[in-house]
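Coordinates in review
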Amino acid sequence: MLTVTSYASESVICKAFTVLSEFYSGKKVYQVIKPKHYFSVHITYRWRLLSKDNGRSWELMTHERYNNQCRI
């Protein structure tokens, strides 16, 4: 499941789906953010994917919102 929290262009959303399909096929495309063990994927310099539940659901967000979510 992918949730988009901000306006994203079609190309960013397509790239996010491409990366997620690689993740679900078994390729390691993510980083683990410690100490909370969130999964993170950099889509572009401005957009990030974040999963707080080990990859079951993902949220596409700007890097500003991403930074705030990782600090909490």
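Figured I'd write up the structure that's included with this text.

Conventions we followed
- Residues numbered from 1 in each chain as written.
- Predicted model: local features only at pLDDT ≥ 70, side-chain atom pairs only at ≥ 80, totals over all residues.
- Heavy atoms only, no water.
- Helix = DSSP H or I, 4+ residues; strand = E, 2+ residues; numbered from the N terminus.
- Buried < 20%, exposed > 50% of the residue type's maximum accessible area, 1.4 Å probe, protein only.
- Lys, Arg positive; Asp, Glu negative; His and termini not counted.
- Salt bridge = Lys/Arg side-chain N within 4 Å of Asp/Glu carboxyl O.
- Polar contact = N/O pair within 3.5 Å; in protein donor to acceptor, adjacent residues only side chain to side chain.
- Contact = heavy atoms within 4.5 Å.
- Phe/Tyr/Trp six-rings, centres within 6.5 Å; stacked < 30°, edge-to-face > 60°.

By the secondary structure assignment, Arg48 is in strand E4 (residues 47-51). Among buried charged residues, Arg48 stands out as having no salt bridge; its nearest opposite-charge side chain is Glu64, 8.8 Å away. Here Tyr45 takes part through its backbone oxygen, which lies 3.3 Å from a polar atom of the side chain of Arg48. Each residue touching Arg48, except ones within four places of it in the same chain, is listed here: Val41, His42, Ile43, Glu59, Leu60, Met61, His63 and Tyr66.

This part is about the pattern of salt bridges. One pass over the full model with this rule turns up one salt bridge. The salt bridge partner of Arg65 is Glu59, with a shortest N-O separation of 2.6 Å. On the accessibility criterion, Arg65 (29% relative accessible area) is partly exposed.

Ring pairs (aromatic) are described by centroid distance and by the angle formed between their planes. On inspection of all chains with the given rule, the structure shows six aromatic pairs. Plain terms: the ring middles of Phe23 and Tyr24 are 5.1 Å apart, the flat faces sit at 70° to each other, and that makes the pair edge-to-face. What makes Phe23 buried here is its relative accessible area of 15%. In this structure Tyr24 comes out as partly exposed when scored by relative accessible area, which is 47%. Here the aromatic rings of Tyr30 and Phe39 are separated by 4.2 Å at their centres, their planes lie at 15°, and the arrangement is stacked. Members of the aromatic cluster, connected to one another through ring pairs, are Phe23, Tyr24, Tyr30, Phe39 and Trp58.

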